[in-house]
Amino acid sequence: MARRLTPWRWAVLGLAALYFLVPLGASVVFTVDVPGQGVTFDAYSQILSADGFTSSLLLSLELAVATIVVVLLLMVPAVVALRLSAPKLRPVVEIVCSLPLVVPPIAFVAGIASVLKWGPDHLSRTPLFETFVAIQNPDFPVVLVLAYVVMALPFVYRALDAGLRAIDVRTLVEAARSCGANWPQALVRAVLPNLRGALLNAAFLTLALVLGEFTVARLLGFQPFAVWIYNVGGSQAQMSVAVSVLSLLVTWALLLALAGAGGRDRTASSRG
């Protein structure tokens, strides 16, 4: 049976490779083939010196780091508590964490914009008005972090839940508690080391989401990396596509590095 299925597997892999690699190859050709000049790599050499590239990329990376920290601090204790003491609430948490996949981004950002209007409309004479202004600081828009945390919940929850299914959380916590550790120490020293792969998966998915998110940031008037690529595309199409290609290649490299790290961890644990 396995031998009969092998050609079909290769056919599926070939079709998948064509589906992904042909558009990528066409994009690369578009960036290096200039009519009348031949092959040139000016679109790639001018990326670092492009106006707004460094600031927008740094902003997206800062937003990604902040989002990863907040969503992990929120979800890791929650999923561990579900596993240990409140398993009946798991369907409720699954539904809540899946809602960002159901709500369209346009509706989501429209709701955020409506809430932000409360500041000048209703809270201008209260201390909360300064809070509304601070979270919309263009240098570091906290409102985007809050929005990205909500959007990352489905991916982070699934990654952490899959990691917890692979270990015996109750036994680890009880062993740590019997050795004199309190609950935070049991979580940090006994549970988190065994969730390294799940934490890396959750962090990578959140990073990819933040780097590629466009709708919320664009409609709220901020300019992280994805919005910068869109703006550059209006005047410098080749550079815009070149940045997109490089971003995709970096994302793939991170994914391969994550897969390699996860494979080494599993090999080391199996040998131990």
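Everything below is about the structure shown above.
Residues numbered from 1 in each chain as written. Predicted model: local features only at pLDDT ≥ 70, side-chain atom pairs only at ≥ 80, totals over all residues. Heavy atoms only, no water.

A. Summary view of the nonpolar core. Ranked by size, the top nonpolar core spans 56 residues in total, and within it Met75 and Val80 carry the most contacts. Listed by contribution, the elements that provide at least two residues to this core are helix H3 (53–84), helix H5 (105–116), helix H8 (142–165), helix H9 (169–178), helix H10 (183–191), helix H11 (196–212) and helix H12 (215–220). Sort the elements by how many residues they give to this core and H8 lands first, with 14 residues. When residues no more than four places from it in sequence are discounted, the contact partners of Met75 are Cys97, Leu153, Val156, Tyr157 and Leu160. (Core = buried A, V, L, I, M, F, W, Y, C linked by side-chain atoms within 4.5 Å. Buried < 20%, exposed > 50% of the residue type's maximum accessible area, 1.4 Å probe, protein only. Helix = DSSP H or I, 4+ residues; strand = E, 2+ residues; numbered from the N terminus. Contact = heavy atoms within 4.5 Å.)

B. Spotlight on the packing of H9 against H10. At their nearest, the axes of H9 and H10 sit 9 Å apart, and the two run at 120 degrees to each other. Here H10 runs oblique to H9, going by the angle between their axes. At the point where H9 passes H10, the crossing takes the right-handed sense. Contacts between H9 and H10 involve Val169, Leu172, Val173, Ala176 and Arg177 from the first element and Trp183, Ala186, Ala190 and Val191 from the second. Taken together, the residues that form the contact of H9 with H10 break down as eight nonpolar, no polar and one charged. (Axes fitted to C-alpha atoms, helices over the stretch in contact; angles between N-to-C directions. Parallel < 35°, antiparallel > 145°, perpendicular 65-115°, else oblique. Left-handed = near helix turned anticlockwise from the far one by under 90°. Nonpolar A, V, L, I, M, F, W, Y, C, P; charged D, E, K, R; others polar.)

C. Structural context of the side chain of Ser56. Residue placement: Ser56 occurs in helix H3. Separated by 2.7 Å, the side chain of Ser56 and the backbone oxygen of Gly52 make a polar contact. Side-chain polar atoms of Ser56 contact the backbone oxygen of Phe53, separated by 3.0 Å. Leaving out residues up to four positions away in the same chain, Ser56 has contacts with Gln223, Pro224, Phe225 and Trp228. (Polar contact = N/O pair within 3.5 Å; in protein donor to acceptor, adjacent residues only side chain to side chain.)

D. Inspection of the packing of helix H4 (residues 90–102) against H8 at higher detail. Packing of H4 against H8 leaves a shortest axis separation of 6 Å and a crossing angle of 140 degrees. When the interaxial angle is binned, H4 and H8 end up oblique. Relative to H8, the crossing made by H4 is left-handed. On H8, the residues that touch Arg90, Val93, Glu94, Cys97, Ser98, Pro100 and Leu101 of H4 are Val150, Met151, Leu153, Pro154, Phe155, Tyr157, Arg158, Asp161 and Arg165. Here the contact of H4 with H8 is built from residues that sort into 10 nonpolar, one polar and five charged.

E. Representation of the packing of aromatic side chains. Taken as a whole, this structure holds five aromatic pairs when the rule is applied. Their ring planes at 70 degrees and their centres at 5.9 Å tell us that Phe53 and Phe225 sit as a pair that is edge-to-face. Pair noted here: Phe53 is in helix H3 and Phe225 is in helix H13 (residues 225–233), with a separation of 172 residues, a long-range link. Here Phe53 falls in the buried class, since its relative accessible area comes to 9%. For Phe225, a relative accessible area of 6% puts it in the buried group. (Phe/Tyr/Trp six-rings, centres within 6.5 Å; stacked < 30°, edge-to-face > 60°.)

F. Structural detail: a nonpolar patch on the surface. Taken together, Tyr19, Phe20, Leu21, Leu246, Leu248, Leu249 and Trp252 make up a surface patch of nonpolar side chains, about 690 Å² in accessible area. Elements supplying a minimum of two residues to the nonpolar patch: helix H1 (2–32) and helix H14 (237–271). Residue contributions to the nonpolar patch peak at four residues, all from H14. Counting through the fold element by element, Trp252 comes out in helix H14. (Patch = residues over 30% accessible without salt bridge, like charges linked within 9 Å, V, L, I, M, F, W, Y side chains within 5 Å. Areas by Shrake-Rupley, 256 points an atom, 1.4 Å probe, with all protein chains shown as cover. Salt bridge = Lys/Arg side-chain N within 4 Å of Asp/Glu carboxyl O.)

G. How the structure looks around the pattern of salt bridges. Scanning the entire structure with this criterion turns up four salt bridges. A salt bridge links Asp161 to Arg83; the nearest nitrogen and oxygen atoms lie 3.4 Å apart. Of this pair, Asp161 sits in helix H8 while Arg83 sits in helix H3, and the two are 78 residues apart along the sequence. With relative accessibility at 8%, the residue Asp161 sits in the buried group. Of the charged contacts, one joins Asp161 and Arg90 as a salt bridge, the two residues approaching to 3.0 Å between their closest N and O atoms. A residue pair is termed long-range when its members are at least 10 positions apart, and Asp161 in helix H8 and Arg90 in helix H4 qualify at 71 residues. Put simply, Arg83, Arg90, Glu94, Asp161 and Arg165 are held in one network by salt bridges that share partners.

H. Quick peek at H11. Spanning 17 residues, H11 covers 24 Å between terminal C-alpha atoms, matching the ideal 24 Å at 1.5 Å per step. Inspection of H11 places Ala198, Leu199, Ala202, Ala203, Phe204, Thr206, Leu207, Leu209 and Val210 among the buried residues, and these make up the whole buried set. (Expected span 1.5 Å × (residues − 1).)

By themselves, these are just geometric observations and shouldn't be taken as functional.
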